[in-house]
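Report on the structure
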Amino acid sequence: MLDRMLASDADFDGRFITGVLSTGIFCLPSCRARKPKPENVRFFGDPESARQAGLRPCKRCRPDLFYKGRDPERERLSQLIADLRREPESCQGVSEMADAAGVGTSKLTESVRRHYQTTPAALLLRFRLQKARRLLLESDHKIADIAFACGFESLSVFNEQFRRSQRMTPSAFRRLRTETSFQLDLPSGYPADFILDYWGRDPQSLSEQVDGETLRVALRLEGRPVVAQAEIGPQKVRCQLLEVADHPSAGKREAASLQAGDGSGPGSTRRGPRGTMAADSGPERGPEDRGLTAHLHQRLLAMLGLDQDPQAFEAAVASDPRLAPLLQRSGLRIPRLAGRVEGLVWVVVGQQVNLPFAFSLRRELYRMAGTPTRCGLVAPPTPRALAEVDIDELRRRRFSQQKAAYLRGLGQALLQGKIPSPRRLYAVGQLEKQLLQLKGLGPWSVRYLLMRLYGCQDSYPLGDAGLVRSLQAFFGLDGRPGPKETQKLMAVFAPYRALAALHLWQWKPEEEKESAA
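As a starting point, this report considers the structure included with it. (Residues numbered from 1 in each chain as written. Predicted model: local features only at pLDDT ≥ 70, side-chain atom pairs only at ≥ 80, totals over all residues. Heavy atoms only, no water.)

Moving on to the overall build of the protein. Secondary structure assignment for the protein yields 25 helices and 11 strands. For the protein, the residues scored as buried account for 52% of the 517 residues in total. When contacts within the protein are restricted to residue pairs at least 6 apart in sequence, those whose partners lie at least 24 apart make up 65%. In the structure as shown, the protein presents an accessible area of about 24200 Å², 48% of it carried by carbon and sulfur atoms. (Helix = DSSP H or I, 4+ residues; strand = E, 2+ residues; numbered from the N terminus. Buried < 20%, exposed > 50% of the residue type's maximum accessible area, 1.4 Å probe, protein only. Contact = heavy atoms within 4.5 Å. Areas by Shrake-Rupley, 256 points an atom, 1.4 Å probe, with all protein chains shown as cover.)

Set out below in structure tokens:
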């Protein structure tokens, strides 16, 4: 408890109270006030026990409100974020954000890091860009007028920030209203082979197909099954919307052949000559398709890891001689999961089984409940299809009773709105707590979703076997670290522990690399 108090570890808030006899106050473990001498510290199970010992609550961390279910710091931030989401132009910088929240800039930075795993400047830019994207798609205003309406100080700054984050110019983004194809600029050193290897891990996948430098994937955009293609070149990614189903339930006529597994559906021809994946002119677009390409743009940014910038993480690690050997390859990015159904399916089928068996379970579920497309791929199940999946049929397809029940229950949770959308911003602690309440999602699953689906840059799957093995090897430990030791080891990578986990999964000792060579 003393160790976690000295580290201001918010994960232990609610588990014990720190009493300081010399000042007569009690605090949460996460309190950032000056740390007391250990001989002046006593620990209590709850605020009432601390009060009985003659102590009063700290006015900085407010443990009394925390135990009543209130967090004033988070509440102030939530109000600030609501205001910024509505009017990002109302604040010109971090100092104005701090004034609006009623705190200093250092306190704001600390609070945003703690609750949202980002910086105040990044938050402000996020909301400005969100408003700019919306205006570009929904209005015919001049781009310069949009830039100033969203709070950017000049058109050149807007163009630079937009292109860096969206990987295209504002005028190119506006054309997504009517076009079915677009290009994304690639940053220098982009790890195309790593990203394609990730999406091609299962050569028999029904929903993703990798051929050379081209990824073809079946998704759901706004509830509609679509097939998209991304061809990664040296400097750009050529993206195209290949197919849009006529209706969210389109493709069911092919389901019988898929469920029979007779080889006539997707999976019978996984890899062909490069020409087999050439795109045609794209689907015809009706009024209901307006905006689908823009949604695809956001989805592919996440799936290709282009919504991240690893430079700050790499600079921090490279500056520490102990950690610098982790950077065996620069530019690595986290390929994020395509959507909530895809994420939930993966964490359930992947629990406590090897990778090939997890892949086979995923294929079986998609055969049963996915939506076949004319392109030969299968879009993920709808939340309703997942909620109504036949448990007995899943059992016949080698699912355990528990996995089958978890999948069905999570589908019902999706229908009931209990699983937040990754397109919105959440306080990470609250998001984690909400997901942990769902049956079938334990600590590993939730932390994996935070990292891979919600894009939380300081989250990692605690207890992951591969990560534990890598930590042991990288730090030269005699044995594998337990959960507490893992947290201590990973703490040195804060606030970029998601990228650190990615590098650790890829890391190999020098002798192993030389042997492989």
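To summarise the sheet geometry, strands pair through backbone hydrogen bonds and adopt either a parallel or an antiparallel arrangement. Pairing within the open sheet is antiparallel, and its 5 strands lie in the order β5-β9-β8-β7-β6. Every interior strand has two partners, whereas the edge strands, β5 (181-185) and β6 (208-211), have only one. Pairs of neighbouring strands in the sheet enclose a mean axial angle of 25°, with direction left out of account. (Pairing = 2+ DSSP bridges. Axes fitted to C-alpha atoms, helices over the stretch in contact; angles between N-to-C directions.)

The end-to-end C-alpha distance of helix α4 (residues 72-86) is 21 Å, a good match for the 21 Å that 15 residues give at a rise of 1.5 Å each. Residues P72, E73, R74, L77, L80, I81 and L84 constitute the buried set of α4. (Expected span 1.5 Å × (residues − 1).)

Between helix α15 (residues 340-349) and helix α19 (residues 401-415), the least distance of the axes is 10 Å, while the angle of their chain directions is 160°. Our classification of the angle between α15 and α19 gives roughly antiparallel. Taken as a pair, α15 and α19 cross one another with a handedness that is right-handed. Packed against α15, whose contacting residues are R340, V341, L344, V345, V348 and V349, the element α19 presents K403, Y406, L407, L410 and L414 at the interface. Per-class residue counts for the contact of α15 with α19 are 9 nonpolar, no polar and 2 charged. (Parallel < 35°, antiparallel > 145°, perpendicular 65-115°, else oblique. Left-handed = near helix turned anticlockwise from the far one by under 90°. Nonpolar A, V, L, I, M, F, W, Y, C, P; charged D, E, K, R; others polar.)

Here R424 shows up in the loop between α19 and α20 (428-436). What makes R424 partly exposed here is its relative accessible area of 47%. Spatially, the C-alpha atoms of R424 and Y454 are 8.7 Å apart, while their sequence positions differ by 30 residues. Beyond its immediate sequence surroundings of up to four residues, R424 is in contact with R85 and R126.

With that out of the way, let us pick up the packing of aromatic side chains. Enumeration over the complete set of coordinates arrives at 13 aromatic pairs. Ring geometry for F152 versus F158: centroids 5.0 Å apart, planes at 55°, classification tilted. Judged by relative accessible area, F152 falls into the buried class, the value being 5%. Chaining the aromatic ring pairs together yields one cluster made of F152, F158, F162 and F173. Of note, R201 hangs over the ring of W346, and the distance from its end group to the ring centre comes to 5.3 Å. Seen from the ring of Y366, R362 lies directly overhead, with NZ or CZ sitting 5.0 Å from the centre. (Phe/Tyr/Trp six-rings, centres within 6.5 Å; stacked < 30°, edge-to-face > 60°. Lys NZ or Arg CZ within 6 Å of the ring centre and 35° of its normal.)

Moving on, we get to unusual backbone geometry. Of note, the amide linkage connecting A494 to P495 takes the cis form, showing an omega dihedral of 5°. With respect to the element layout, P495 can be found in the loop between α23 (483-491) and α24 (497-506). Its identity as a non-glycine residue notwithstanding, Q117 has a phi of 55°, on the positive side. Inspection of the secondary structure assignment puts Q117 in the loop between α6 (105-116) and α7 (120-138). Assessed through its relative accessible area of 11%, Q117 is described here as buried.

Under the counting rule described, the total for this entry stands at 3 cavities of 30 Å³ or more. Considering only enclosed or pocket space, the largest cavity measures out at about 180 Å³ in volume. Of the residues belonging to the lining of the largest cavity, the class tally is 6 nonpolar, 1 polar and 5 charged. (1 Å grid on protein atoms, 1.4 Å probe; cavity = no way out; pocket = protein on both sides within 12 Å on 5 of 7 lines; lining within 4 Å. Points joined across faces, edges and corners; volume = space filled by probe spheres on them.)

One open sheet accounts for 4 strands, arranged β3-β1-β2-β4; its pairing is mixed. Two strands close off the open sheet at either side, each with one partner strand: β3 (41-44) and β4 (56-57). In this structure, strand β1 (residues 17-20) lies alongside β3, joined through 4 bridges in antiparallel fashion. Note on β3: the bridge partner recorded for G19 is R42.

To continue, consider the pairing of strand β7 (residues 214-221). Within β7, 8 of the 8 residues are buried, leaving the element largely enclosed by the surrounding structure. The two faces of β7 match: T214, R216, A218 and R220 on one face and L215, V217, L219 and L221 on the other face are all buried. Both β6 and β7 contribute to a ladder of 4 bridges, which runs antiparallel. Across the sheet, residue D211 finds its bridge partner in β7, namely T214. As consecutive antiparallel partners, β6 and β7 are separated by 2 residues, and within that stretch G212 has a phi angle of approximately 65°, a positive value. Sheet analysis places β7 next to strand β8 (residues 224-232), joined by 8 bridges and oriented antiparallel. Within the sheet, the bridge partner assigned to L219 lies in β8 and is V226.

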